[in-house]
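Below, each chain spelled out in residue letters.
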Amino acid sequence: MCRASLALIALCGLVPFSGLTASASSPAYGPDDIIPVPAEYEVSSGTFSLDGDKTFFLTGDKTFGSDGRAAVVEALKSFSSGMKESDNARSADIVVVVDGKKFMKKTSLEHALLDNEALLGEAYRLEVAPDRITIHAADAAGAFYALQSLVQMAGPDGSSDIQCCVIDDVPCFEYRGLHFDVSRHFRSKEFLMKQMDAMAMLKLNRMHLHLTDGAGWRIEIEGYPRLTDFAAWRPYRKWSDWWVSDRHYCEKDAAGAYGGYYTREDIEEILAYAAQRHIEVIPEIEMPGHSEEVIAAYPELSCSGKQYGSGDFCPGKEATFTFLEDVLSEVMELFPSEYIHIGGDEASKSAWKTCPDCCRRMQEEGLEDVDELQSYLIHRIEEFVNSKGRKIIGWDEILQGGLAPNATVMSWRGTEGGVKAMKSGHDVIMTPGAYCYLDYTQDAPFKEPISIGGYISLAKTYSYEPAEEGLTETELSHLLGVQGNLWAEYIPEDSHAEYMYYPRAFAIAETGWSRPEDKNYEDFHRRALSLSEHLAGLGYTTFDLKTEYGDRKESLVPLKHLAVGCDVDYSSPINSQYPASGETSLVDGILGGWTYGDKKWQGFLTDFDVTVDLGSVQPVHYIGATFMQVASAWVYLPEKVDIYVSEDGSDFRLAGSVWRDLSSKADGLFFKQYGIICNESARYVRIHADNSGIEGAWLFTDEIVVN
Ligand code: ACM
Ligand code: ZN
């Protein structure tokens, strides 16, 4: 038997399968193998064998609607293709009871469900005995998730005996999402469906589809054909080639046109597939920024009225609102989701300052600045979306200029935006970049594909706890959940995207579903190894956890040198976004890791000019500092570093200079030690690094080392 194929069927439920044969030597898998770890479980002796054809019996009250029933039947049949429906509960091998609130009496988790009834529909009780499996749930979703637990307990080969146990399970958060950037690289509907199978297995229930962005528009809108005849296509496959060129688009039928879009029929298919897996697909239509492709197709929607100028809509023009409302109307016709994501991030707003339409709007509406103008646009759009019975989600920049009254905030630039929103009574989804951005490399950059920069290991993603201390219960009641984001600038291939999702999506799933007190990285790691193998057997490309290298070794052991703990005088300002641990950071003996975002690297947007006072005149034989380059993130090595020494702090002499020897165009992560060997007598050491001179370029260094 193809061991993987059983599991594949278990997930997809589409391919017929015959012949279940459990190997005598295969281990039994139990509740302690499941990701996300269940809320409560007890293991007992004995196993349930998947051998032979099994029968199931479904029963339930009216909460178990026909769609829900069909989805459970489908999941059951896919669990084992020999599975037949029985007309009799007594003789069935698997009994599923879905009976709304009556379920409360069955579960030991009544307290958790009473605290948050929104979670009731996803809760389940799963009892595995040697001769029978019984599932109780309030709703079809809970029964479906019980089956997903069974799928995992059937082991990586899909045919292992299942450990007898009782599981009482309920999610911690109602929103457990994964984000798909189909703008930078269009992905087929088949790809999305395949990821939904894995999401379902992980009990992830929201697919955030980033359908529009500067790199391409991805959804057919009947009223605006240029969006898909033109704005969905570019003359370069590689995003970075397109980005460094003129960032133009091309006609759909131009030679070499690269892109794509979902037709209405595609979307309907995706949505039907999602519904069967209890996944809500949330469409994102970006505004007012990240809209270069729309402006290229309909330049009249920008401030200048010209193609290839600003990527922001003009909020001064009524035409912008007509367009956005038309598009949103079509999107809401297609997508039944409670939420519509309206973007809101990273608008430049610069053209608005001088645009006569924007200025008039600001004057008429009494708006103080461009932040308030953005807020005006978001408010209007929210009103429109609310009028159709839906709610908006926006990236945390929608806080700027005042939050729209019913908006849900997706906090990505850290957690501050989310915390602020919760404190003001708004719902929040946490997806802070430092933990949840799955486009960052997950292992040592020397062994990983080029990424956008940053380093987020599985352990780092797993360590995230969305319910921050210091928030009240009322504030925390606005925390809907958590999401992992995968921006795709550097991820053209589907297999590469999967590699970035898995296993870090496992960590997102466990953070979203399991209680913080039940999380344990060592145990999770064991389960993640097994589930990675399971997914690999199903045809997913996963990161190989077994060969993980881990953090930059130099960052793990404090360094001893002459400057540790000495006074530091900055002639150049530390950027407030990247202060590391403050003014002592450059002489704390702690070296940075693989990413400038780890709070060990200090960032500068100017030249770098720092003097260290060693406390007394002493022999000095080495002076240096390491800088990094990640061109994709605008982080560049300095052009030149001059190193000076002084005995009195006023009379400095040049001890040596080091020049850059790497192109600023080099892709990837580079560290360069700008150091000199010398034979000096000095109390003061000054390092001056010339910023690369590239507009907006960052300098990052972690430590001034003197020996
Ligand atoms: C974002 O990463 N710009 C939301
Ligand atoms: Zn304007």
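Residues numbered from 1 in each chain as written. Chains lettered and ligands numbered in written order. Predicted model: local features only at pLDDT ≥ 70, side-chain atom pairs only at ≥ 80, totals over all residues. Heavy atoms only, no water.

**Describing the confidence of the model for the chain**
Heads up, the rule is: Confidence of the predictor at the level of single residues is captured by pLDDT, which takes values from 0 to 100. Contact definition: two residues touch when any of their heavy atoms are within 4.5 Å.
Residues at a pLDDT of 70 or more form 96% of the chain, whose mean pLDDT is 93. Here residues 1-25 is modelled with pLDDT under 50, and outside its nearest four sequence neighbours on either side it reaches 61 contacts, counting other chains as well.

**A closer look at the sheet that holds strand β12 (residues 280-287)**
Our working definition: By this definition, two strands are paired if DSSP reports at least two bridges between them. Helix and strand assignments come from DSSP, with helices taken as H or I runs of at least 4 residues and strands as E runs of at least 2, each series counted from the N terminus. Orientation is described by axes fitted as lines to C-alpha atoms, over the contacting stretch for helices, and by angles from 0 to 180 degrees between their N-to-C directions.
Here eight strands make up a closed barrel; going around it, the order is β8-β9-β12-β13-β14-β15-β16-β17 and the pairing parallel. Across the sheet, the mean angle separating the axes of adjacent strands is 30° when strand polarity is ignored. Note that strand β9 (residues 206-210) and β12 share five bridges and pair parallel. Paired with His 210 across the bridge in β12 is Glu 284.

**Regarding helix α13 (residues 416-423)**
The condition that has to hold: To sort residues, take the accessible area from a 1.4 Å probe on protein chains only and compare it with the maximum for the residue type: under 20% means buried, over 50% means exposed, and anything in between is partly exposed.
Along α13, the residues that are buried comprise Gly 417, Gly 418, Val 419, Ala 421 and Met 422. Two residues or fewer past α13, Gly 425 is found with a positive phi of approximately 85°.

**Quick notes on the pairing of strand β13 (residues 339-343)**
Side chains on a regular strand alternate between the two faces of the sheet. Among the five residues of β13, five are classified as buried, and the element is accordingly described as predominantly covered. With burial as the criterion, each face of β13 is covered, one bearing Tyr 339, His 341 and Gly 343 and the other bearing Ile 340 and Ile 342. As paired strands, β12 and β13 are joined by two bridges and run parallel to one another. Among the inter-strand pairings, Met 287 is bridged to a residue of β13, identified as Gly 343. The pairing of β13 with strand β14 (residues 391-395) spans three bridges and is classified as parallel. Across the sheet, the residue bridging to Ile 340 is Ile 392, located in β14.

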